[in-house]
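In case you want the letters, here they are:
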Amino acid sequence: MQGINEKQKDMKVLILCGGKGERLKPLTESLPKPLVRIKGRPILSYLLSHFESYGFHKFVVAVGYKSEAIVRYFRQNHRNLQVEIVDSGEADIIKRIRDSAEYLKEDFIMGYGDTLADVDLDRLIRFHQSHEGDVSITCYPLRTQFGVVEMDGSGREASFLEKPVLDKWINIGYYYFDKRIMALANRHNKFLDFLYEIIEEGGLYGYKHKGVHITVNTIKELQDAETNITQLEEKIGSLKNV
């Protein structure tokens, strides 16, 4: 178990599990995306284990598409956790946050139910506490799926890089939200508009993560996850033994 203090262990984690997973059909025709299995185990299970390894045990699960399947899942699994399920139907993220507000009275962390990463949650929390912003968002280096060519003025190729990591960062979730954001959330109907206002006010900070990052948006990504998930399992196992 990591060095998270008692107050931090009492923090709640909001997990977004309401999407339809259109690009994962036919798998998601019968179950919600967070319950799609990697090596026989639901994505959601890996995500919960990662948070548990850092001492978190209070969760708010924001559901929508095929929510009854997630309700059944929690009746049978993770009985040691405190879980509140909030069903907003088909809705924008900002509505899911607002609908969960009664359970999120203090600072909280939010993650995506279809994204896995070995984010050091202790460091994320310390990072947030090191600045005065309202939101910290975990970012990951962008690797392009294309080969990148650089040319001189005549069009002669000067270099070629196959699928390089670019000097850009992508949002992978694992947000830290200060409780102050709830007042702002009530002013918006779209999550992006909410983030844009925080940026305009100088309140959004990026925490850089360079470890494991697994997304499961397509069948191809699911196949890749079957290979990469071992790295995450090993990290979770090592944390539980600390």
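The notes below deal with the structure included here. Remember, it's a predicted structure, so these values are computed and weren't measured experimentally.

Helices and strands together make up the secondary structure of the chain, namely eight helices and 14 strands. Counting every position in the chain, which comprises 242 residues, the buried fraction comes to 47%. Partitioning the contacts of the chain with sequence separation of at least 6, the portion at a separation of at least 24 is 76%. As displayed, the chain offers around 12600 Å² of accessible surface, 47% of which is attributable to carbon and sulfur atoms.

Topologically, Asp118 is positioned in the loop between strand S7 (115–117) and helix H5 (121–129). Within the structure, the side chain of Asp118 is placed 3.1 Å from the side chain of His209, a separation counted as a polar contact.

Attention now moves to the pairing of strand S6 (residues 108–112). Extensive coverage of S6 is indicated by the burial of five of its five residues. The side-chain alternation of S6 yields two buried faces, one formed by Phe108, Met110 and Tyr112 and the other by Ile109 and Gly111. Both strand S1 (residues 12–17) and S6 contribute to a ladder of five bridges, which runs parallel. For Leu14, the partnering residue across the bridge sits in S6 and is Met110. Note: S6 against strand S12 (residues 175–177), three bridges, orientation antiparallel.

If you look at the biggest cluster of nonpolar residues, it comprises 44 residues, and the most contacted ones within it are Ile38, Phe51, Phe56 and Leu116. Broken down by secondary-structure element, the contributors of at least two residues to this core are S1, helix H2 (43–52), strand S4 (58–63), helix H3 (67–76), S7, H5 and helix H8 (219–240). The biggest single contributor to this core is H2, with six residues. With near-sequence residues (within four places) excluded, Phe51 lies in contact with Val13, Phe56, Phe59, Ile109, Leu121 and Tyr174. Among the nonpolar cores identified, the runner-up in size contains 24 residues, and Ala62, Tyr112, Ile137 and Leu195 belong to it.

Bringing the pattern of salt bridges into the picture now. Summed over the entire model, instances satisfying the criterion amount to 11 salt bridges. The partner of Glu22 in a salt bridge is Lys25, with the nearest N and O atoms 2.9 Å apart. Overall, Lys25 belongs to the partly exposed group, its relative accessible area being 40%. For the salt bridge of Asp120 with Arg123, the shortest nitrogen-to-oxygen distance reads 3.6 Å. Overall, the relative accessible area of 19% leaves Asp120 in the buried class. Because the salt bridges share partners, they merge into one network encompassing Asp134, Asp178 and Arg180.

Within a regular beta strand, the side chains point alternately toward one face of the sheet and then the other, so they alternate between its two faces. The buried fraction of S1 is high, at five of six residues. Of the pairings in the sheet, the one linking S1 to S4 comprises six bridges and is parallel in character. In the strand pairing of S4, Leu16 is matched with Ala62.

Okay, a nonpolar patch on the surface next. A cluster of nonpolar side chains, Leu192, Tyr196 and Ile199, forms an exposed patch at the surface whose accessible area comes to about 310 Å². Mapped onto the elements, Leu192 comes out in helix H7 (residues 191–200).

Most peptide bonds are trans, and most residues other than glycine sit at a negative phi. Of the consecutive residues Lys25 and Pro26, the connecting peptide bond is found in the cis state with omega at 15 degrees. Structurally, Pro26 can be placed in the loop between S1 and strand S2 (37–38). Despite not being glycine, Lys66 shows a phi value in the positive range, around 50 degrees.

Calculation notes
Residues numbered from 1 in each chain as written. Predicted model: local features only at pLDDT ≥ 70, side-chain atom pairs only at ≥ 80, totals over all residues. Heavy atoms only, no water. Helix = DSSP H or I, 4+ residues; strand = E, 2+ residues; numbered from the N terminus. Buried < 20%, exposed > 50% of the residue type's maximum accessible area, 1.4 Å probe, protein only. Contact = heavy atoms within 4.5 Å. Areas by Shrake-Rupley, 256 points an atom, 1.4 Å probe, with all protein chains shown as cover. Polar contact = N/O pair within 3.5 Å; in protein donor to acceptor, adjacent residues only side chain to side chain. Pairing = 2+ DSSP bridges. Core = buried A, V, L, I, M, F, W, Y, C linked by side-chain atoms within 4.5 Å. Salt bridge = Lys/Arg side-chain N within 4 Å of Asp/Glu carboxyl O. Patch = residues over 30% accessible without salt bridge, like charges linked within 9 Å, V, L, I, M, F, W, Y side chains within 5 Å.

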